[in-house]
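# Secondary and tertiary structure notes
Next come the chains, spelled out residue by residue.
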Protein chains: 6
Amino acid sequence: MTRIDGRSADELRPVRMTRGWLDHAEGSVLIEFGNTRVLCAVSVTEGVPRWRKGSGQGWVTAEYAMLPRSTNTRSDREAVKGRLGGRTHEISRLIGRSLRGIVDMSALGENTMVVDCDVLQADGGTRTAAITGAYVALQDAVGWLRQRGLLKGDTVLTDSVAAISVGVVDGVPLLDLKYEEDVRAETDMNVVMTGSGKFIEVQGTAEGAPFARDELDELLLLAELGCTRLTVLQDEALAS
Amino acid sequence: MTRIDGRSADELRPVRMTRGWLDHAEGSVLIEFGNTRVLCAVSVTEGVPRWRKGSGQGWVTAEYAMLPRSTNTRSDREAVKGRLGGRTHEISRLIGRSLRGIVDMSALGENTMVVDCDVLQADGGTRTAAITGAYVALQDAVGWLRQRGLLKGDTVLTDSVAAISVGVVDGVPLLDLKYEEDVRAETDMNVVMTGSGKFIEVQGTAEGAPFARDELDELLLLAELGCTRLTVLQDEALAS
Amino acid sequence: MTRIDGRSADELRPVRMTRGWLDHAEGSVLIEFGNTRVLCAVSVTEGVPRWRKGSGQGWVTAEYAMLPRSTNTRSDREAVKGRLGGRTHEISRLIGRSLRGIVDMSALGENTMVVDCDVLQADGGTRTAAITGAYVALQDAVGWLRQRGLLKGDTVLTDSVAAISVGVVDGVPLLDLKYEEDVRAETDMNVVMTGSGKFIEVQGTAEGAPFARDELDELLLLAELGCTRLTVLQDEALAS
Amino acid sequence: MTRIDGRSADELRPVRMTRGWLDHAEGSVLIEFGNTRVLCAVSVTEGVPRWRKGSGQGWVTAEYAMLPRSTNTRSDREAVKGRLGGRTHEISRLIGRSLRGIVDMSALGENTMVVDCDVLQADGGTRTAAITGAYVALQDAVGWLRQRGLLKGDTVLTDSVAAISVGVVDGVPLLDLKYEEDVRAETDMNVVMTGSGKFIEVQGTAEGAPFARDELDELLLLAELGCTRLTVLQDEALAS
Amino acid sequence: MTRIDGRSADELRPVRMTRGWLDHAEGSVLIEFGNTRVLCAVSVTEGVPRWRKGSGQGWVTAEYAMLPRSTNTRSDREAVKGRLGGRTHEISRLIGRSLRGIVDMSALGENTMVVDCDVLQADGGTRTAAITGAYVALQDAVGWLRQRGLLKGDTVLTDSVAAISVGVVDGVPLLDLKYEEDVRAETDMNVVMTGSGKFIEVQGTAEGAPFARDELDELLLLAELGCTRLTVLQDEALAS
Amino acid sequence: MTRIDGRSADELRPVRMTRGWLDHAEGSVLIEFGNTRVLCAVSVTEGVPRWRKGSGQGWVTAEYAMLPRSTNTRSDREAVKGRLGGRTHEISRLIGRSLRGIVDMSALGENTMVVDCDVLQADGGTRTAAITGAYVALQDAVGWLRQRGLLKGDTVLTDSVAAISVGVVDGVPLLDLKYEEDVRAETDMNVVMTGSGKFIEVQGTAEGAPFARDELDELLLLAELGCTRLTVLQDEALAS
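Residues numbered from 1 in each chain as written. Chains lettered and ligands numbered in written order. Predicted model: local features only at pLDDT ≥ 70, side-chain atom pairs only at ≥ 80, totals over all residues. Heavy atoms only, no water.

As annotated in an unreviewed UniProt entry, chain A carries the name Ribonuclease PH and is attributed to Phytoactinopolyspora alkaliphila. Taken directly from UniProt, the Catalytic activity (unreviewed entry) text for chain A runs: "tRNA(n+1) + phosphate = tRNA(n) + a ribonucleoside 5'-diphosphate". Per UniProt, chain A carries the Sequence similarities (unreviewed entry) text "Belongs to the RNase PH family." (UniProt positions renumbered as here; feature names shortened; annotations may be inferred.)

Given below as structure tokens:
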């Protein structure tokens, strides 16, 4: 079987990470998974939210949003509707949890990093691209803090983190679904992993028929492969 | 190791399901997982949302909420704050997806079932109790529709569905976490399964350190066990 | 004339109060007026709202809400609509005023009691059941404060408080209207009284034709009777 | 005892009604109870809300609001806060119910009258002034409809309606409380009556100590007196 | 050409300013430009918003709103809709900027003046009437502060400010457009000027065809004329 | 005098327009005025808003927003705050009016073009860049409509439109202010002009001292120069 864009089942789309895409942000990356394009910007502020003051611990949080015409047909702005949708909430929380999973809050000290992931163009996998790009932007923001002597410990980021989507389309497990694949997937899974090969988050959903344990195992394997490759690409981006 | 309430690692809390707890709802169940108490009410209306009209297909959706003093300390009402929180959105969507996973929308015909899951008391596992109880209430609502000859097909519910939480606490995988266990869990997973042993949703989150593949496998096994037992209890409740 | 449920005109529906229905709340009562079922939960916190700090006085406030399927047909959640309706506001304020009418704020000291009245099932008289049940839950919460030595005075509750609805249906004054009676009532009145027989609130509304002074007098008499009986039942519940 | 402004206990403040204060509204009255100044504007539209279409019946509704600096110290605008307060809701509903109490909806036919009562200056009794003025504006709006032949029946307004506040201050029952009296009142009652001497709404509240039945009776008598006088003044205003 | 109300092209409508229209406000003016009627109320509070504390500087801000039936057909209340419209925001900001343009914030000292401009009746030019009236109310509020010795400098208001609308209707530049002219104007301009003849704000918009530089010049000239006359009228009002 | 970035007073920053930056939108341009970067996307839908149906006329509207970290320090998302700010409203309306000024709605036919202008990076002049870029994107969207034979007339865009900011900094009139200049400007003006040299919108504001007529004239001249140059650049972009 050939996929719609000619990829093999276990192939990622071309990944591109442009560091420093913004002039103001302490860390920023424009990440592309094929046509999916997400702008990740890290804003550093000294101090932490009130409920964390005096703890000696830092804080990392994330917000995800899509531009109205990032998608095939225009969506109304959530700011105009006056409320965030459930999907936006859900993905923002996922990104935040994923990043916090590799941050040593004591080493960060009482500093806050807010990570904005804005989808400029969507073609499937926006949340996984966001997490993958956000990690690289986070590294730059941590570098910024280090240069100014604002950190409390040496190793703020204890590992790397990347994420990928996998799914079963027409009975075949595929890596890194693009939009047309995503809408047809019977099972859809997003997996967040560390560079050392452990899981931070596994979210599998039967979109059509429920899935059996062995399908789950296949998908997890595929996701492990994808995250491993993304880890290499992140390292290259950070080395450049 | 003994658990805080004396259970063994693979033991469910006492489960109780009271059908017909409400007089008005077409199906209703008060489900208890130990001290967790969730009221599941199904409201049936003829017709479907506008975007589904003329499709011949029904619709099932769910809303989850917690009473302000269901928890240890009082939480502000979301109606007073004027917006739903991210967690509420997330869980409502999870319940809806889980139930839709076993509904044959053509057999349902152009009818809508809205499932309200209101947590009267919370002690961990509210979302899994909600899904487990909602299935039983759904059966009663389907029976109500059948009696009135409003269904288009014989088998609206193609399977049963139940859900359970599992997690790793102090390195030990535990089934059906109660609140004190939940807050201390390093890894936390909610699993939604059909009566026939397939997965509808798997959501695993590293709360502390990332988890390895074999931990994931252990947790999945434990969850399969728990869901199987819940299926038996659902059948008993429906038989009574 | 016999009423729809066989009661005589001056007869209350069966009243049931279950104290301690919740494990966490400092005071809680599940009160039933026939099929009307309201969960009253009192949450105690040390300290008072900012505008009252340093006054030496406590504060009592109430919030009322209905579960979406407490009623015959499902109502949308106010949290989903993003705003409280006028009726909710009105009843919350009524409950709060009624309870504050018997609280000695100096004796309470700088503590706050928030009373949540959530209607689990509605069959007329939800606001009066809420007030009547809330008083009993308040007693338990005051007991909780007393045990911990957190009170400033001996008598926080200077009297008891109960409430009942009365109305004119088909020209006949009736006590404790159930839903079907309530919607047909020409005149509808809610009366809040102390155990010592004084009025805290009188709210009479002509739903159909305006009412004359002698009708008003008859209704007040009936309400006095009803509140007196409720006072006895409250005492029994507190004695048990 | 002399009152703060020299009135006797059973004396109204000077009442002034200026009809046609607005050029656009189908009926409008600027009503003054002493320093309280409320602008009542009736907007007529053909047709009724969707839920009433085809019923042959009209609809009347009211909205009440205060200008931010109508009061002693400025209040924030509800439009800026993004939500209506409970008091606003409560009073809007009261005005609407009071006016509907004298409207024959069949005679009105499928027309809608929206009554806006905006408090330009507040000195106690704003809701009662609003109701009293709104009746006169309603008469003008009904005249406007009659002239255009848009009514279905001869007598749209079956009676007149007026409202007054009464209260107990320092143990003395007083008519038509001004602000300084209102804040000191032990008991506060708003009474809405028809020109023929019947009650549409009675709302009595113990602000301090609960009140006895005979106090209630005294207040009702005083209110009847006040409403009777307002009825005369309304007739004069309509005659001029 | 004669205008709809018989004015010549460069003629203002009758202007009336009633100082002290409100009893509570520190400064208040009911200003009328023909049938346009705006109530301007200045509320003074000691202290400034948090972000300005300790600066030694005062603050002036404005809020503009229209009563629902100030216009030809009723508009929904923004408080009911739960959000301010763009036009309301825009005009509130314009009024605030215009007034701040003549205030010496150091002379004001750490005091805040909130200027509420509520349109009671609208017939074109509401924002310009609001600015013109607000200046006079501001003078009275400054006088109030001066009497109490609360100012830091002698000259809080360094100049006067007035505003007028001009526009091209059927090819003819007109001063002070009334509603029927405003909706037909090809070009519409609002100009805010100081008493000394300088500009604070110029806002010109092509409603129909774009306008040429010489039309712009003509309109500016006409606006200068109008503002000069308003300045005289303001002085007269303040002298009386 | 040399400007902060070495430009002369009447010099634009480097302008770059990248057409087709998005794959989905019917027209899209990434426009850069120096470091200011705005993504303009035009979404075409057949049909018009309800209030315009059957008119034979099309509709064009615009929405402007800033990414949270487009600015020097992060701003909260308006979607999170739940309401649009006044500035956002104001600029969205300005862009919409400016574009409608050159659209022949009859030639467009009953089609709608929504123009989203999202500021990815802000360094002064975001609204003028948005208008200038939106025109080019609009041309592409009109081309898309023409190709599909969906237009009613030959010339939908009757002229071109561009916008520029001008201001007085330290007494010197400057063209195309960058952020550091903008915050220091005594007078700030945004001018929207057609390619044929006429004005669509002129908005001048005294940020510090009021400005005299001759300063206004100087600024207008400078703006005419800037818009003329932008017109040339737009033509080049469209020719490529």
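## A look at the overall build of chain A
The number of helices and strands found in chain A is six helices and nine strands. Judged by the C-alpha coordinates and their principal axes, chain A covers about 55 × 40 × 35 Å. Counting every position in chain A, which comprises 240 residues, the buried fraction comes to 61%. Within chain A, residue pairs in contact and separated by at least 24 positions form 70% of the contacts whose partners lie at least 6 positions apart. With 27 positive and 35 negative side-chain charges, chain A shows a separation of 6 Å between the mean positions of the two kinds. (Helix = DSSP H or I, 4+ residues; strand = E, 2+ residues; numbered from the N terminus. Buried < 20%, exposed > 50% of the residue type's maximum accessible area, 1.4 Å probe, protein only. Contact = heavy atoms within 4.5 Å. Lys, Arg positive; Asp, Glu negative; His and termini not counted. Charge placed at Lys NZ, Arg CZ, Asp CG, Glu CD.)

## A short note on the UniProt feature "domain: Exoribonuclease phosphorolytic" (unreviewed entry) in chain A
All names here are of chain A. Summarizing the sequence annotation, UniProt attributes the feature "domain: Exoribonuclease phosphorolytic" (unreviewed entry) to residues 11-141 and 160-223 in the numbering used throughout. Across residues 11-141, the secondary structure splits into 30% helix and 32% strand, with the terminal C-alpha atoms separated by 30 Å. Overall, residues 160-223 shows 27% helix and 45% strand. The separation of its end C-alpha atoms is 16 Å.

## A look at the side chain of Thr194 of chain C
As for its placement among the helices and strands, Thr194 of chain C is situated in strand 8 (residues 187-194). In this structure Thr194 of chain C comes out as buried when scored by relative accessible area, which is 3%. A polar atom in the side chain of Thr194 of chain C sits 3.4 Å from the side chain of Asp159 of chain C. Setting aside anything within four residues of it in sequence, one finds Thr194 of chain C in contact with Ile102, Asp159, Ser160, Val161 and Ile200 of chain C together with Pro210 of chain D. (Polar contact = N/O pair within 3.5 Å; in protein donor to acceptor, adjacent residues only side chain to side chain.)

## Some words on the sheet that holds strand 6 (residues 161-169) of chain D
Taken in spatial order, the eight strands make up an open sheet running 7(C)-6(C)-8(C)-9(C)-9(D)-8(D)-6(D)-7(D), and their pairing is antiparallel. The strands lining the two open edges of the sheet, one partner per strand, are strand 7 (172-175) of chain C together with strand 7 (172-175) of chain D. Pairwise comparison of adjacent strand axes, ignoring direction, gives a mean angle of 15 degrees for this sheet. Pairing analysis gives eight bridges linking strand 6 (residues 161-169) of chain C to strand 8 of chain C, with the strands arranged antiparallel. Each bridged residue has a counterpart across the sheet, and for Val168 of chain C the counterpart in strand 8 of chain C is Thr187 of chain C. Packed on one face of the sheet, helix 2 (residues 86-100) of chain D meets strand 9 (199-206) of chain C together with strand 6, strand 8 (187-194) and strand 9 (199-206) of chain D and runs near 150 degrees to strand 9 of chain D. (Pairing = 2+ DSSP bridges. Axes fitted to C-alpha atoms, helices over the stretch in contact; angles between N-to-C directions.)

## Observations concerning the pattern of salt bridges
For the coordinates displayed, the defined rule picks out 144 salt bridges over all chains. Salt bridges sharing common partners tie together Arg3, Asp5, Arg7, Arg13, Asp123, Asp176, Lys178, Glu180 and Glu181 of chain A. (Salt bridge = Lys/Arg side-chain N within 4 Å of Asp/Glu carboxyl O.)

## Thoughts on the sheet that holds strand 5 (residues 111-121) of chain A
All names here are of chain A. If you trace the five strands from one edge of the open sheet to the other, you get 1-2-3-5-4, paired in mixed fashion. Edge positions in the sheet fall to strand 1 (15-19) and strand 4 (59-66), since each of these pairs with one other strand and no more. Ignoring strand direction, the axes of neighbouring strands in this sheet form an average angle of 15 degrees. Alignment of strand 4 against strand 5, held across eight bridges, turns out to be parallel. Within strand 5, the position partnered with Ala62 by the bridge is Val115. Along the sheet face, helix 2 (residues 86-100) touches strand 4 and strand 5 and points at about 145 degrees away from the line of strand 4.

## Here we look at the packing of aromatic side chains
What the rule picks out here adds up to twelve aromatic pairs over all chains. Judged by centre distance (4.9 Å) and plane angle (80 degrees), the ring pair of Trp51 of chain A and Trp59 of chain A falls under edge-to-face. Its relative accessible area of 58% is what places Trp51 of chain A among the exposed residues. Centre to centre, the rings of Phe199 of chain A and Phe211 of chain B are 5.7 Å apart; their planes meet at 20 degrees, and the pair counts as stacked. With Phe199 of chain A in strand 9 (residues 199-206) and Phe211 of chain B in the loop between strand 9 (199-206) and helix 6 (213-239), this pair bridges two chains. You can call Phe199 of chain A buried: its relative accessible area is 0%. Sitting above the plane of the Trp21 of chain B ring, Arg37 of chain C keeps its charged end 4.5 Å from the centroid. (Phe/Tyr/Trp six-rings, centres within 6.5 Å; stacked < 30°, edge-to-face > 60°. Lys NZ or Arg CZ within 6 Å of the ring centre and 35° of its normal.)

## Some words on helix 2 of chain D
Residues and elements named next belong to chain D. Taking 1.5 Å per residue, 15 residues should reach 21 Å; helix 2 reaches 21 Å between its end C-alpha atoms and fits that length. Counting buried positions over the 15 residues of helix 2 gives twelve, a clear majority of the element. All buried positions along helix 2 are accounted for by Gly86, Thr88, His89, Glu90, Ile91, Ser92, Leu94, Ile95, Gly96, Arg97, Ser98 and Leu99. (Expected span 1.5 Å × (residues − 1).)

## Description of the nonpolar core
In this structure, Met113 of chain C together with Met113 of chain D are the most contacted members of the largest nonpolar core, which totals 133 residues. Apart from residues lying up to four places away in sequence, Met113 of chain D is in contact with Val42, Ser43, Val44, Trp59, Val60, Thr61, Leu108, Leu138, Ala141, Val142 and Leu145 of chain D. Counting residues in each nonpolar core, the second largest holds 131 residues, with Tyr64 and Val142 of chain E together with Leu151 and Val168 of chain F among its members. (Core = buried A, V, L, I, M, F, W, Y, C linked by side-chain atoms within 4.5 Å.)

## Some points on the packing of helix 4 (residues 126-147) of chain F against helix 6 (residues 213-239) of chain F
Residues and elements named next belong to chain F. For the pair helix 4 and helix 6, interaxial distance at closest approach is 10 Å and the crossing angle is 30 degrees. In terms of their interaxial angle, helix 4 and helix 6 are classed as roughly parallel. For helix 4 against helix 6, the interelement crossing comes out right-handed. On the side of helix 4, the interface is formed by Thr132, Tyr135, Val136, Gln139 and Asp140, while helix 6 contributes Leu230, Gln234 and Leu238. (Parallel < 35°, antiparallel > 145°, perpendicular 65-115°, else oblique. Left-handed = near helix turned anticlockwise from the far one by under 90°.)

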